[in-house]
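Inside the fold
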Amino acid sequence: MAIIWNQNDRTLTLQTDGSTYQMKIDNHNVLLHTYYGKRTELFDYSYLIDHRDRGFAGNPYDAERDKTYTLDTLPQEYPCFGSGDFRNSALKLRYGSGASALELRYLKHEILPGKYRIPGLPSMFADEDEANTLIVTMKGDAAELLVHLYYGVIPGADIITRAVVLENCSSEAIYLEKAMSVSLDFQYGSYDLVTFYGRHCMERNVCREKLRHGIQSVGSTRGASSHQQNPFVILAEPGTSEERGGCYGLSFLYSGDFKSEAEWDQINQTRIVMGIHPANFRWKLEPGEQFHTPEAALSYSGEGFRKLSWNYHDAIRNHLCRGPYRDKRAPILINNWEGTYFDFTGEKLFEMAKEAAELGIEMFVLDDGWFGVRNSETGGLGDWYANEKKLGCTIGELAARIHGLGMKFGLWFEPECVSEDSDLYRAHPDWAFTVPGRKPMRGRYQLVLDFGRDEVREHIFRQMCAVLDQSKADYIKWDFNRSVSDVYSASLTADRQGEATHRYVLGLYDLLERLLARYPDLLIEGCCGGGGRFDAGMLHYAPQIWCSDNTDAINRMSIQYGTSFCYPVSTMGAHVSACPNHQTGRVVPFATRGAVAMAGTFGYELDITKMTAEEKEEVREQVARFKKYCDVIRNGRYYRLTAPGEKSFHAWEMAKADGSEALVTVVSTMLEGNPLGCYLKLCGLIPEKIYEVAGRRYPGAALMNCGVILPTAQYEYQSWQFHIQAVD
Ligand code: DGJ
């Protein structure tokens, strides 16, 4: 049993293979958080709590004359605003009276087999015998508010998920102003906060900062999880490295506005919370109604960042992604976007597909511009029917010709947006978010549809189904090319406008779910101008996400490096594109572009008809190599052997968990005269085994303890891939 209730000391202990998490109900029925870290034997960790009068703290009335009892310093499971705890809170609400103070006390708990799910929201899943659920119900003191804290424990994955259900049992409406999914308190120690920041075309750079007194936070108010910050953060003990040290991950399974705040308080305790960003959130909870927060997935590693990443990689692959491509490699694709942009005909597309098929590429993806009147960014979104004049045929005919090549066929959609120059907007201007009396804010010339409205989603769903039925498409690229601003829903009353952004995300998930229910074999690739919505929420529907609009292989190495801290290689959309690169102008050898894209789903995005015979041969060879090594690439353990810029080369490795095989990729990033020898230690091998590398044999111990000596680069961005195979 992964969840243990001890009636004597009133502790609830959650055990995973590598971690222990504990809470305790104290004498005042406050739910304390007593421990999270390395797995330990069962023990009451409340001895660590330091009860002292710290001054200027609130003492709950039932603590009577005990000045040392205050929620301001006690570690708690779900801290509330107005409880005498002046640190950051996880929950803030407002009653009809205008008051907002709240104290929560334990009421009951329940332990269930299996893993809970959340209606309408993504959540991790597990078989009944793989997981347990704990529900702790807390009661608000000022009104009949019930707070159900959900914990999903997946021991084999070293994952503990958290979510909250708020239930209004009173006779009047309650407004939720902040309802975070998780709060974690650490009573001692200092921590670094690791976050993943960026911008369009330069996502998920790693930032590591020591927590200082006060609050450090990251988040998004862009309606999507954003290019700018990722809803995955790590709290790490100082000195934590890839291989050593204690660290905690928090991954938010949500694709909209989010916030994570880490606080180092007056007595050097740490609190971290994560949930929906409160800036544009206010939810009216009528009597009898419940509100479900999204889920957060926690993991602890006592063996550095690498193990933490593996925990998430495995959990995402096994307990989050769904559909046929959860367990098998996605087709190697060619996408026409950088090859043609909006300028194509059906015949041109067919020529591209034909040449690609001859080289072993398995799917043709028709990107933006095939529908409505869309020959530039300015029109057509919302009119999801083929532009037969441009294609010279119906979408069904084009798809049939491509299917006839033995290829799969995919189509680009941007279902959430509408162009003003479209039939849809002309018919339903009020379907786009617009604040009354104001001109709407444009982003990439387009507006955002109010996906919280059933009729809007229904219309888009019907249009998409018609195209999917006609084309028998195997794949959708689901794009979203702007931030959500000036949110106002014509379907909500004034007191519910604060719900519009979350309802929008619920609508997005609803449409994705409906499509998957109707087309269970459909592969959806998420995209938001590249990696602007690369989050664990989206991965529940789209098992791969276009990692970035930046296809420059050298920039891609750092984007994929940052992404790998939480997300596995199988989720990272990565393509070989033409040079000079369209985003940076850089020229990188074709082989290196291939090697970098192989640390992802692998595909091409260029005009293959313009390639030389020699380049086409390289494509054929790369495609064959990716197919040959796809098992170790996709299912192997990922090792970040260097950090970008750390050395004169960048390297990563995928190795099978049993140590039988590995693939190492090295890209030279700096050329020097009279170069120094470069040594690279490998990982994940068995010291006693003998391995063959490029025709030579080495003991595993030599490869791991001393490493290989890398060849000297002869030209800029030269790369090498070493396949390492155990031979005895
Ligand atoms: C942004 C995407 O990330 C690109 O790959 C491409 O699909 C364009 N949108 C099309 O408008």
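Residues numbered from 1 in each chain as written. Predicted model: local features only at pLDDT ≥ 70, side-chain atom pairs only at ≥ 80, totals over all residues. Heavy atoms only, no water.

Once that is clear, we can look at the environment of Glu513. Among the structural elements, Glu513 can be located in helix H8 (residues 500-518). Residues Glu513 and Phe252 lie 261 residues apart in sequence; the distance between their C-alpha atoms is 19 Å. Leaving out residues up to four positions away in the same chain, Glu513 has contacts with Arg322 and Tyr541. (Helix = DSSP H or I, 4+ residues; strand = E, 2+ residues; numbered from the N terminus. Contact = heavy atoms within 4.5 Å.)

Attention now goes to the site of the ligand. By nearness alone, 13 residues border the ligand, and Asp367, Asp368, Lys477, Asp479 and Asp549 come closest of all. One of the side-chain nitrogen or oxygen atoms of Asp367 is found 2.7 Å away from an oxygen atom of the ligand. Separating an oxygen atom of the ligand from a side-chain N or O atom of Trp546 is a distance of 3.4 Å. For the ligand, the accessible surface in isolation is 290 Å², of which the surrounding protein chains cover 97%. Here the residues of the shell around the ligand are counted per class, giving 4 nonpolar, 3 polar and 6 charged. (Near = heavy atom within 4 Å. Polar contact = N/O pair within 3.5 Å; in protein donor to acceptor, adjacent residues only side chain to side chain. Areas by Shrake-Rupley, 256 points an atom, 1.4 Å probe, with all protein chains shown as cover. Nonpolar A, V, L, I, M, F, W, Y, C, P; charged D, E, K, R; others polar.)

Contact geometry of helix H7 (residues 454-471) with H8 gives a least axis separation of 11 Å together with a crossing angle of 30 degrees. Regarding the angle of H7 to H8, the classification is roughly parallel. Pair H7 / H8 crosses with right-handed handedness. Mapping the contact onto sequence places Arg457, Glu458, Ile460, Phe461, Met464, Cys465, Leu468 and Asp469 in H7 and Gly507, Asp510, Leu511, Arg514, Leu515 and Arg518 in H8. (Axes fitted to C-alpha atoms, helices over the stretch in contact; angles between N-to-C directions. Parallel < 35°, antiparallel > 145°, perpendicular 65-115°, else oblique. Left-handed = near helix turned anticlockwise from the far one by under 90°.)

Size of an interface, as often reported, equals the accessible area lost when the parts are brought together. Per the domain assignment, the segments of the chain are domain 1 (3-319), domain 2 (324-633) and domain 3 (649-726). Relative to domain 2, the C-alpha centre of domain 1 lies at a distance of 34 Å. If you look at the interface, domain 1 gives 50 residues, while domain 2 gives 47 residues. Buried surface at the junction of domain 1 and domain 2, both sides included, amounts to about 3900 Å², of which 55% is carbon and sulfur. Here domain 1 is connected to domain 2 by 2 salt bridges. Linking Lys284 and Asp495 is a salt bridge whose minimum nitrogen-to-oxygen distance equals 2.5 Å. At the level of secondary structure, the elements contributing two or more residues to the side of domain 1 that touches domain 2 comprise strand S12 (202-210), strand S14 (232-236), strand S15 (247-253), strand S18 (283-285), strand S19 (290-292) and helix H1 (304-319). Here the side of domain 1 that touches domain 2 gets 7 residues from one element, more than from any other, and that element is H1. Among the residues forming the side of domain 1 that touches domain 2, the class breakdown is 22 nonpolar, 17 polar and 11 charged. (Domains from an automatic or database assignment. Buried area = accessible area lost by both parts, 1.4 Å probe. Salt bridge = Lys/Arg side-chain N within 4 Å of Asp/Glu carboxyl O.)

A few words now on unusual backbone geometry. Note the cis peptide between Cys579 and Pro580, where omega equals -5 degrees. Along the chain, the position of Pro580 falls in the loop between strand S30 (576-577) and helix H10 (590-597). In this structure, Glu64 takes a positive phi of about 50 degrees despite not being glycine. Take Glu64: its relative accessible area is 68%, and that puts it in the exposed class. Backbone geometry at Arg444 places phi at a positive 45 degrees, although glycine is not the residue there. Tracing the chain through its elements places Arg444 in the loop between helix H6 (423-427) and strand S25 (446-448). Here Arg444 falls in the partly exposed class, since its relative accessible area comes to 23%. (Buried < 20%, exposed > 50% of the residue type's maximum accessible area, 1.4 Å probe, protein only.)

Spatial ordering of the open sheet is given by S29-S28-S27-S26-S23-S22-S21-S31-S30, a layout of 9 strands whose pairing is parallel. Since the sheet does not close on itself, it has two edges, and those belong to strand S29 (572-573) and S30, each with one partner. Note that strand S21 (residues 333-335) and strand S22 (residues 363-366) share 3 bridges and pair parallel. When the sheet's bridge partners are listed, Ile334 is paired in S22 with Phe364. Packing against the sheet, H8 makes contact with strand S26 (475-478) and strand S27 (523-526), and its axis sits at approximately 170 degrees to S26. (Pairing = 2+ DSSP bridges.)

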